[in-house]
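Take a look at the letters that make up each chain.
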Amino acid sequence: MINLSLPSPANLVPPPPKTLNPSRQKTPRTQTLKNPNSEHLKNRLIHQASVGHLRQAISTLDLMTQKGLTPDLFTYSLLLKSSIRTRQFHLGKLVHARLSESQLEPDSVSLNSLISLYSKNNDWVTANAIFENMGERRDVVSWSAMISCFSHNDMESKAISTFVKMLEFGEYPNQFGFAAVIRACSNAENAWIGDVIFGSVIKTGYFESDVCIGCALIEMFAKGSGDFDSAKKVFDRMPDRNSVSWTLMITRCSQMGNRKEAVELFIEMVESGYMPDKFTFTSLVSACAELGLLSFGQQLHAQVVKYGLAFNVCVGCSLVDMYAKCAEDGSMVNSRKVFDLIPDHNVISWTSIITGCGQSGKHSKEAIELYCKMIEDQVLPNHFTFSSLFKACSNLSDPDTGAQIYAHVVKMGLAAVNCVGNALISMYARSGRMEDARKAFDILFEKNLVSYNTIVDGCTKNIDSNEDFGVFHQIEDTGFVLDSFTFASLLSGAASIGAVAKGEQIHARLLKAGFESNQHIANTLVSMYSRCGNMEAALRVYSKMERLNVVSWTSIITGLAKHGFATRALEMFGKMLNAGIKPNEVTYIAVLSACSYVGMIYEGWKHFNSMYKEYGISPRMEHYACMVDLLGRSGFLEEAMQLINSMPFEADALVWRTLLGACRVHGNIALGKQAAEMVIEKEPNDSAGYILLSNLYASVGQWNKVAEIRKTMKKKNLGKEAGSSWIEIENTVHKFHVGDTSHPQAEEIYKELDQLVNEIKEVGYVPDTSSVLQDVEDEQKEEFLLQHSEKIAVTFGLINTSKPKRITVFKNLRVCGDCHNAMKYISMVKEREIVLRDSNRFHHFKNGICSCNDYW
């Protein structure tokens, strides 16, 4: 245990200095230079050093030496202090060399200046050597300088031990010594020592008399303990504040997530008459970027111009970031204007504009172009630059360009940096190249939790459940403490393939880890259970949540809508509004989807119109797509077309695909063809438009048109996504394709399926051959219907599970009419509930009835 107890002094005056050893006092501190020429040269040197003209001052020093005049220690100390003040450390070393050549015996003042010189030049070894050789000439300034040196050079333990030695030596610490050692305690490891020293500071009275100590304490509580409340209490009790203390408090407030309070502190600072500087504005603008306060950020920009800081790189970079994050339409126009005004671009300014382009998603190509210009200007990128570039490549789904950029990373020796490696993993994963992502993960020298989370998230998004659960076990083996992001990614992985058993395992693990009260995790659990077909479990998790935010409400409304419980979804939306929770864009997508799934046209229009009127939410493309779907599926195709034409922006492929799907349901060839042409125009390399149009022609028997479309697709090398269904049995996912015979139980499955079809035919099932969009005989069409993947998966589930267990099957495409009809009859003859999730929604089949009421 370190003993840091101090005597309580009567006042703040430290004990008188120790008497120096007479044998060491060979030269007095100053020597009188009596001739007029020497006085003139000395005055010139003092003036030059005072105004920062250090080279001229050293030249004058050399001239004095050449003339046989002996400069005194005061002159050398003045030159050393000038070199420290102007940060011309190389010239300070030159002065040190001249002092050594002068044969003068340095006093404590000049030696203390030398310690500060080498400390600020990050040369703690030389500073420590000077300090150790001082012997009894060490005073409180020497000790404080050395403590500050160790603290400044990230040697916190050494700084603290030096502080203890100072006490043992009998020196009484002053405000500078306290401030230096408190700064050394500004980390989690040493925060407890800082608490002890804080007690000594209060006892001695320095706390309420020195601004530097107050600032150091704010830093210690904020950075060391993460205790913002204590930092704020220190700040509030400081009798004298300056711009530095205000800026420090604002900065730490913003960094610790209290951004609104940071803005309030800034307003209070200005009202108190203190002038903000570049650091204040940098922190405030960054806070606005995170809060999305574009208007206030623009006001700050005006103040930046007023204070003459518009061309400052740090302030400029924060403005670039703010405009990029706050632009509602993802525009980079204002960010680019700010960037272009910065006179001297460095790696930070280049990285800020590249990051802004990459994070907006709409300007990723521009990010790559800017990088090329950066290289042309011979500015070397850093690890943050490369991380942003990999994100831009992810947005573009361009891993090949990413691979070229990675070559630059290797060349610059940054391949081992975590954030670069993690960004590379994410890029490959988002581009669907999981093998490359795994290689990037494996070669990462020092993996952190972010690395593991990134690869887990990549496996999740690429529906590789076994892989992400394998990585999960690896994380546990490494000893990393799993965070909420890890669990959220794993739950999303289970949800994406409908692996409810795996989701339940993760649920049990997170309960054990103490995350049950984590709101983000709870929201993800609601989503996982609803997406896996277990709406009852989703509702149970939802009902146990102590706090509900907009994500919580939106998750449960989305789940109810997807399962066809539109009335309950709208009731839940009403409760949300009554609870005072403001809906967002995603909430309204869920509400409009609920109306669309059951054809509630009146309610759909009501909520669509209330978005902007009630909550100022401008409808996005997704909201219009929901309304087009609602009108189109209800047969109001002309009204849907009118809505598209009235949109304030040009409809994208999603909207036209939605209309095309409705045209197929209602057999409207003319409007369907128009919609298909728009889909193909918007996405010429996507097969979806061609397939939907082909299906539309096939549904009305225009096989020549079908043949033409297939010929066009073949010429363009566009393929159709193969239909597949999967089911989880005993924690293993079994996947089936159309006519699949690869499963070990294939013979048993088809034998059971033949028998099952005969059974349901006896109670009224008639194969709907219109669902087969091929020009073949009816008998062959019936055989094709028998081979649909969802029928195979359900049959497999019947073989391998027993009553009353529910059978839950997932399909990558929309269920066809015949399979939908067959499932109703199977649920009746087998007395089993069947849940089928297709690409659009859930169908609950029970006792011959589907939850969608045959409206999908």
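Residues numbered from 1 in each chain as written. Predicted model: local features only at pLDDT ≥ 70, side-chain atom pairs only at ≥ 80, totals over all residues. Heavy atoms only, no water.

Enquirer: I tried to follow the overall build of the protein on my own but got confused; where do I start?
Expert: Along the protein, the regular secondary structure elements total 44 helices and 6 strands. Here the C-alpha atoms of the protein give a radius of gyration of 36 Å, more than 25% beyond the 29 Å that 2.2 N^0.38 yields for 856 residues. For the protein, the spread of C-alpha atoms along the three principal axes comes to 125 × 55 × 50 Å. Looking at the protein as a whole, 50% of its 856 residues qualify as buried. Restricting the contact set of the protein to residue pairs at least 6 apart, pairs at least 24 apart contribute 64%. With the model as given, the accessible surface of the protein reaches about 40400 Å², and the carbon-plus-sulfur share is 51%. Side chains of the protein carry 87 positive and 93 negative charges; the gap between the two charge centres is 5 Å. (Helix = DSSP H or I, 4+ residues; strand = E, 2+ residues; numbered from the N terminus. Rg over C-alpha atoms; globule rule 2.2 N^0.38 Å. Buried < 20%, exposed > 50% of the residue type's maximum accessible area, 1.4 Å probe, protein only. Contact = heavy atoms within 4.5 Å. Areas by Shrake-Rupley, 256 points an atom, 1.4 Å probe, with all protein chains shown as cover. Lys, Arg positive; Asp, Glu negative; His and termini not counted. Charge placed at Lys NZ, Arg CZ, Asp CG, Glu CD.)

Enquirer: Would you mind showing me how to read the pairing of strand β3 (residues 807-811) here?
Expert: Along any regular strand, the residues point their side chains to alternate faces of the sheet. Summarising burial for β3: 5 of the 5 residues are buried, a large majority. Residues Ile 807, Val 809 and Lys 811 of β3 are buried on one face, and the alternating residues Thr 808 and Phe 810, pointing to the opposite face, are buried as well. Sheet analysis places strand β1 (residues 724-729) next to β3, joined by 3 bridges and oriented antiparallel. Considered in β3, the bridge of Trp 726 is made with Phe 810. Across 4 bridges, the pairing between β3 and strand β4 (residues 834-837) is parallel. Considered in β4, the bridge of Thr 808 is made with Val 835. In terms of handedness, the path from β3 via helix α44 (residues 817-829) over to β4 forms a crossover that is right-handed. (Pairing = 2+ DSSP bridges. Right-handed = clockwise from strand over helix to strand, strands pointing away.)

Enquirer: Would you mind showing me how to read the state of the cysteines here?
Expert: Linking two cysteines covalently via their sulfur atoms produces the bond known as a disulfide. Counted according to the given criterion, the structure contains 0 disulfides. Cys 185 supplies the cysteine sulfur nearest to Cys 149, a cysteine that is in no disulfide, at a spacing of 16 Å. For Cys 149, a relative accessible area of 0% translates into the label buried. Take Cys 816: it sits in no disulfide, and the sulfur closest to it among the cysteines is that of Cys 819, at 3.6 Å. Its relative accessible area of 15% is what places Cys 816 among the buried residues. (Disulfide = S-S within 2.5 Å.)

Enquirer: When you look at helix α16 (residues 294-306) in this model, what are you seeing that I'm missing?
Expert: Structurally, the α-helix is built with 3.6 residues per turn, so residues lying three or four positions apart point the same way. Under the 1.5 Å per step criterion, the end-to-end length of α16 is 18 Å for 13 residues, consistent within 8% with the ideal 18 Å. Listed in full, the buried residues belonging to α16 are Phe 296, Gly 297, Leu 300, His 301 and Val 304. For α16, the arc enclosing every buried residue in end-on projection is 150 degrees, short of the 170-degree limit, so these residues lie on one face. Among the structural elements, α14 (259-271), α15 (278-291), α17 (313-326) and α18 (333-341) are those in contact with the buried residues of α16. A positive phi of about 75 degrees marks Gly 308, the residue just after α16. (Expected span 1.5 Å × (residues − 1). Arc of directions from axis to C-beta.)

Enquirer: Would you mind going over the environment of Val 794 with me for this structure?
Expert: For Val 794, the location among the structural elements is in helix α43 (residues 789-800). For the pair Val 794 and Ile 807, spaced 13 residues apart in the sequence, the C-alpha separation amounts to 7.0 Å. If we skip the residues at most four places from it in the chain, Val 794 touches Ile 807, Val 809, Met 823, Ile 826 and Ile 834.

Enquirer: What exactly am I supposed to notice about the packing of helix α19 (residues 347-360) against helix α20 (residues 364-376) here?
Expert: Between two packed helices, the angle of one axis relative to the other and the distance separating the axes together describe the packing. Contact geometry of α19 with α20 gives a least axis separation of 7 Å together with a crossing angle of 160 degrees. On the basis of their axis angle, the class for α19 and α20 is roughly antiparallel. The two elements α19 and α20 meet at a crossing, and its hand is left-handed. Counting all contacts with α19, which are made through Val 347, Trp 350, Ile 353, Ile 354, Cys 357 and Gly 358, the residues of α20 involved are Ser 364, Glu 366, Ala 367, Leu 370, Tyr 371, Lys 373 and Met 374. Here the contact of α19 with α20 is built from residues that sort into 9 nonpolar, 2 polar and 2 charged. (Axes fitted to C-alpha atoms, helices over the stretch in contact; angles between N-to-C directions. Parallel < 35°, antiparallel > 145°, perpendicular 65-115°, else oblique. Left-handed = near helix turned anticlockwise from the far one by under 90°. Nonpolar A, V, L, I, M, F, W, Y, C, P; charged D, E, K, R; others polar.)

Enquirer: Sorry if this is basic, but what is going on with the packing of aromatic side chains here?
Expert: Each aromatic ring pair is characterised by the separation of its centres together with the angle its planes make. Within this structure, the stated rule accounts for 20 aromatic pairs. Seen from their ring centres, Phe 131 and Trp 143 are 5.0 Å apart, and the 80 degrees between their planes marks the pair as edge-to-face. Of this pair, Phe 131 sits in helix α6 (residues 124-133) while Trp 143 sits in helix α7 (residues 140-152), placing them 12 residues apart in sequence. Note on Trp 605 and Phe 608: the rings are 6.0 Å apart at their centroids and 85 degrees apart in plane angle, and the pair reads as edge-to-face. Within this pair, Trp 605 and its partner Phe 608 are both found in helix α34 (residues 601-615), separated by 3 residues, close to a single helical turn. Three or more aromatic residues link up through ring pairs in this structure, and these residues are Trp 605, Phe 608, Tyr 624 and Phe 649. Between Arg 138 and the ring centre of Phe 131, over which it is positioned, the NZ or CZ distance is 4.8 Å. Taking the ring centre of Phe 235 as reference, the NZ or CZ of Arg 241 above it sits at 4.2 Å. (Phe/Tyr/Trp six-rings, centres within 6.5 Å; stacked < 30°, edge-to-face > 60°. Lys NZ or Arg CZ within 6 Å of the ring centre and 35° of its normal.)

Enquirer: Just to check I follow, could you spell out the packing of α20 against helix α21 (residues 383-396) for this structure?
Expert: Where α20 meets α21, the closest approach of the two axes is 8 Å, and the angle between their N-to-C directions is 145 degrees. The handedness of the crossing between α20 and α21 is left-handed. Contacts from Ser 364, Lys 365, Ala 367, Ile 368, Tyr 371 and Met 374 of α20 reach α21 at Thr 385, Phe 386, Leu 389, Ala 392, Cys 393, Asn 395 and Leu 396. Residues that form the contact of α20 with α21 fall into these classes: 9 nonpolar, 3 polar and 1 charged.

Enquirer: Mind showing me how you'd approach the confidence of the model for the protein here?
Expert: Interpretation of the predicted coordinates at a detailed level should be avoided for regions scoring low in pLDDT. Looking at the protein as a whole, its pLDDT mean stands at 83, while 90% of the residues score no less than 70. Throughout residues 1-34 the model reports pLDDT below 50, and contacts reaching past four residues in sequence, or to other chains, amount to 55 contacts. (pLDDT = per-residue confidence, 0-100.)

Enquirer: Looking at this structure, how should I read the nonpolar core?
Expert: With 210 residues, the main nonpolar core has Ile 182, Ile 197, Phe 386, Phe 390, Ile 556, Ile 557 and Leu 659 as its most contacted residues. Apart from the residues lying within four places of it in its own chain, the contact partners of Phe 390 are Gly 402, Ile 405, Tyr 406, Val 409, Val 420, Ala 423, Leu 424 and Met 427. Among the nonpolar cores identified, the runner-up in size contains 29 residues, and Ile 727, Leu 756, Leu 798 and Val 809 belong to it. (Core = buried A, V, L, I, M, F, W, Y, C linked by side-chain atoms within 4.5 Å.)

Enquirer: Quick question: what am I supposed to make of the sheet that holds strand β5 (residues 842-846) here?
Expert: Pairing between the strands of a sheet is mediated by backbone hydrogen bonds and can be parallel or antiparallel. One open sheet holds the 6 strands; their spatial order is β2-β1-β3-β4-β5-β6, and the pairing between them is mixed. The open sheet has two free edges, formed respectively by β2 (732-737) and β6 (849-850), since each of these has just one partner strand. Pairing of β1 with β2 involves 6 bridges; the strand directions are antiparallel. In the strand pairing of β2, Ser 725 is matched with Phe 736. Sitting on the sheet, α44 is in contact with β4, β5 and β6, with an inclination near 35 degrees to β5.

Enquirer: Is there a simple way to explain the pairing of β5 in this structure?
Expert: Extensive coverage of β5 is indicated by the burial of 4 of its 5 residues. Here β4 runs beside β5; their pairing, made up of 4 bridges, is antiparallel. Along β5, the bridge assignment pairs Ile 834 with Phe 845. Connecting β4 to the antiparallel partner β5 that follows it, the hairpin turn spans 4 residues. The antiparallel pairing of β5 with β6 creates a hairpin that spans 2 residues between the two strands, and Asn 847 there sits at a positive phi of about 55 degrees.

Enquirer: Please clarify how the pattern of salt bridges should be interpreted in this entry.
Expert: Two side chains bearing opposite charge may form a pair once their charged atoms approach each other closely. For the structure on display, the rule yields 24 salt bridges. Across the salt bridge formed by Lys 232 and Asp 236, the nearest N and O atoms sit 2.9 Å from each other. Here Lys 232 and its partner Asp 236 are both found in helix α12 (residues 228-237), 4 residues apart, which amounts to about one turn of the helix. A relative accessible area of 42% places Asp 236 in the partly exposed class. Between Arg 633 and Asp 629 there is a salt bridge; the shortest N-O distance is 2.8 Å. Note that Arg 633 and Asp 629 are positioned in helix α35 (residues 621-633) at a spacing of 4 residues, about one turn of the helix. A single salt-bridge network, built from bridges that share partners, covers Glu 290, Asp 321 and Lys 325. (Salt bridge = Lys/Arg side-chain N within 4 Å of Asp/Glu carboxyl O.)

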